[in-house]
Amino acid sequence: MAVDELQAIIQKCQILEEVDFKGEDFNLFQVAGQKCLEDGYAAQLLEVIQNEKNKVIIKNMGWNLISPLVRCIFMYKPEDDKREHCLKILDQLAQLCSPKELFLGLLEQIEQTSGEQVCQTVMLLLQPLQTVLLKLQNKKAYSVGLSLAIIMNQLTPLPVPYTKQQIQEDKLGLCQCCNAVVDFAKPFVNEVVKNMEKSSEYNDTELKEELLKFCMKSLKCPLLTAQLEQIEGIEEHPFRHFATEIIDILWDIRELIPLMFLHRKGKSPCWENQEFADIERKNSADSLACLSYLMFVQHFGIDCFPVVFSPSYLLQCNMTHIEVLLKRTEESVLSKGLDLFESCLLRMDDNTLFHQYLEFKVFINVPQVLVKVMTLCPIEHLRKKSLNILQLFIDKFDPEGKYTLFRCLLKTSNHAGVEGYIIKNIKDQIHLSLTKACDNIWFKGHHLISLLDLVLLLPEGAETDLLQNSDRIMASLNLLRYLVIKDCESDNQTGVWTTLAKIEQNFLKPLHVGLNMSKAHYEAEIKNKTENRREAQSSNTVCSVTVSGEEMPAMTTDMQLQVLHSALFTFDLIESVLARVEELIEVKIKAVMDENS
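On a predicted model such as this, the values are computed, not experimentally measured, just so you know.

> Honestly, unusual backbone geometry in this entry has me stumped. Any pointers?
The general pattern is negative phi for most residues beyond glycine and trans for most peptide bonds. The omega angle of the peptide bond from cysteine 221 to proline 222 is 20 degrees, so this bond is cis rather than trans. Looking at where proline 222 falls in the secondary structure, it is placed in helix α12 (residues 206-223). Unlike most non-glycine residues, aspartate 170 shows phi in positive territory, near 45 degrees. Mapped onto the secondary structure, aspartate 170 falls in the loop between α10 (164-169) and α11 (174-198). Accessibility expressed as a relative area gives 13% for aspartate 170, which makes it buried. Backbone geometry places histidine 299, a non-glycine residue, at a positive phi of 65 degrees. Position of histidine 299 among the secondary structure elements: in the loop between α15 (274-296) and α16 (311-326).

As structure tokens, then:
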């Protein structure tokens, strides 16, 4: 019987000194204890452990029971008395066992668990692990750090609940577990706080560093990918609560404000392996970006933040974080980047961001990344939001800043729709410079002529794909039409009349040739498809089309004809605007000639 075997080994060990315990004794105790648990004799095992005479034996050998004990706890239902006995055994082991051995046993159990039992195991063992750590005298900071690292490494691979239903169900227990880990860390936070209160020179202890690492890991996962907006029907959002606790810890250990501004320069581990160094740098960047989102969008800890900084400086501080977030493809992360960018911009008045900020590389990088979101993101509402934010960004700059940004985006966007949008903005700025009593030199005269050189041209001359570039071409023609109507040749405020010959050579003439070539090609295609329609229908001929590297559903002959006619309509539209522009130019020139004659 299992209990008899256990009593036998206990009686043998009771007469031995602690130093005389052998490996065989440990093995026999573990086997007998495990058998008691598996056979349902947890109550009898609890009596043995609580017996004062067995204190030394349990101190040295009890930690071996952790693994079978955890298995049995999960095996029994919550209402089962045997489970309650097992939980009491676990509590007793935490009180009686050697802290060092039990610490390693608990961590080993957490590290070995996987799948659906990860959160259950962590929550089960957090209390005894905390009890043991509080008893440790040597290497306490290292042990706390190791515990938090192993726990977070186990939680990181788990899927983060995102929808309202997922958060409410908390299927794997991640929401509950995260907040339990914060409670686990609080005694160690309090210890750091007390030590800092005792001495103003207490700035950089090992325990403080370990807690900081835990906060940084928490910011990256789960908070970076978590849904942190208020959700109707969820009174206390678990991840919002977790985020608040992490911010509180950073504030308590006096690291919140330094993290926001100093970026921990010089405090990152030095890795000989460059790959490890890059991973560390990326993880830190993700965490800091999430921290900025929490503070400036969700306003966690905002009461602690100094109110002396200008909106433009806060934008500058956050641009690196915004770039990090916008480069990610996950909806939950990308939306945080857009929200953070929008929040920073909305703090500013229009036309107050100095052009000198564009000397910072990140101020050029971010709008370029934003353009990629606008054009490549598969999520419609994020594409629309990114377009609105680009306009906000443009509006904040002074005239020279707008001018510089337009030049940059025209050269780098490589997207006709974006280029068309920028050209429309250029037209709006020209209109302001012509109608307002302000001395805006950047959208008049030689500065504007330099900008028009980028706008009023076909990228590949007459051979430019007019269909693909139709948005840009139409915007350019509309801009030229506006200039011809609004700016008289006698005034020539914009300088467009001075450079008209160049515009005709680089833009209007190649456009005429390109339109003629394109229309002839598409008309021939339509004629060919129409003549062969009957043959194509009888043979069920279809055409495959590839868009962005992905093959679209096969096209029938009728569908192909529809596309070809649509292209011809676009060419006709371009041609009609082109004719109107040339007509206006001719009328204006004739009027001037009549005046001079």
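> How do you make sense of the state of the cysteines when you look at a structure like this?
Linking two cysteines covalently via their sulfur atoms produces the bond known as a disulfide. By the definition in use, this model includes zero disulfides. With no disulfide partner, cysteine 177 has as its closest neighbouring cysteine sulfur the one in cysteine 119, 4.3 Å distant.

> Whenever I open this one, the environment of lysine 411 confuses me. Can you help?
The topology assignment puts lysine 411 in helix α20 (residues 399-412). Separated by 43 residues in sequence, lysine 411 and leucine 454 have C-alpha atoms that sit 8.0 Å apart.

> Honestly, the pattern of salt bridges in this entry has me stumped. Any pointers?
Pairs can form between side chains of opposite charge whenever their charged atoms are close. One pass over the full model with this rule turns up 22 salt bridges. Where lysine 282 meets aspartate 286, a salt bridge forms, and the shortest distance between an N and an O atom there is 3.0 Å. Of this pair, lysine 282 and aspartate 286 both sit in helix α15, four residues apart, roughly one helical turn. Owing to a relative accessible area of 3%, aspartate 286 belongs among the buried residues under this scheme. For glutamate 330, the salt bridge is made with arginine 328, and the minimal N-O distance between the two is 2.7 Å. Residues participating in the shared-partner salt-bridge network are Lys220, Lys282, Asp286, Arg328 and Glu330.

> Help me out: how do you make sense of the packing of aromatic side chains in this one?
Geometrically, a pair of aromatic rings is defined through the distance of the ring centres and the angle of the planes. With the rule as written, the count across this model stands at 14 aromatic pairs. Seen in terms of ring centroids, phenylalanine 406 and phenylalanine 443 are 6.0 Å apart; in terms of plane orientation they differ by 65 degrees. Their pairing is edge-to-face. In this pair, phenylalanine 406 is assigned in helix α20 and phenylalanine 443 in the loop between α21 (416-435) and α22 (445-455), connecting sequence segments 37 residues apart. Here phenylalanine 406 and phenylalanine 443 have matching classes, each one buried. Put simply, the rings of Phe341, Tyr357, Phe360, Phe363, Phe393 and Phe397 pair up and form one aromatic cluster.

> Help me understand helix α8 (residues 118-135) in this model?
An α-helix turns once every 3.6 residues. As a result, residues three or four positions apart point the same way. A rise of 1.5 Å per residue sets the reference length of α8, with its 18 residues, at 26 Å; its end C-alpha atoms lie 25 Å apart and thus fit the reference within 8%. Along its length, α8 reaches its greatest deviation from straightness, about 40 degrees, at leucine 126, and the proline proline 128 lies no more than four positions downstream. Counting buried residues in α8 gives 13 out of 18 residues, a clear majority hidden from the surface.

About the criteria used
Residues numbered from 1 in each chain as written. Predicted model: local features only at pLDDT ≥ 70, side-chain atom pairs only at ≥ 80, totals over all residues. Heavy atoms only, no water. Helix = DSSP H or I, 4+ residues; strand = E, 2+ residues; numbered from the N terminus. Buried < 20%, exposed > 50% of the residue type's maximum accessible area, 1.4 Å probe, protein only. Disulfide = S-S within 2.5 Å. Salt bridge = Lys/Arg side-chain N within 4 Å of Asp/Glu carboxyl O. Phe/Tyr/Trp six-rings, centres within 6.5 Å; stacked < 30°, edge-to-face > 60°. Expected span 1.5 Å × (residues − 1). Bend = angle between axes of the 7 residues up to and from the residue.

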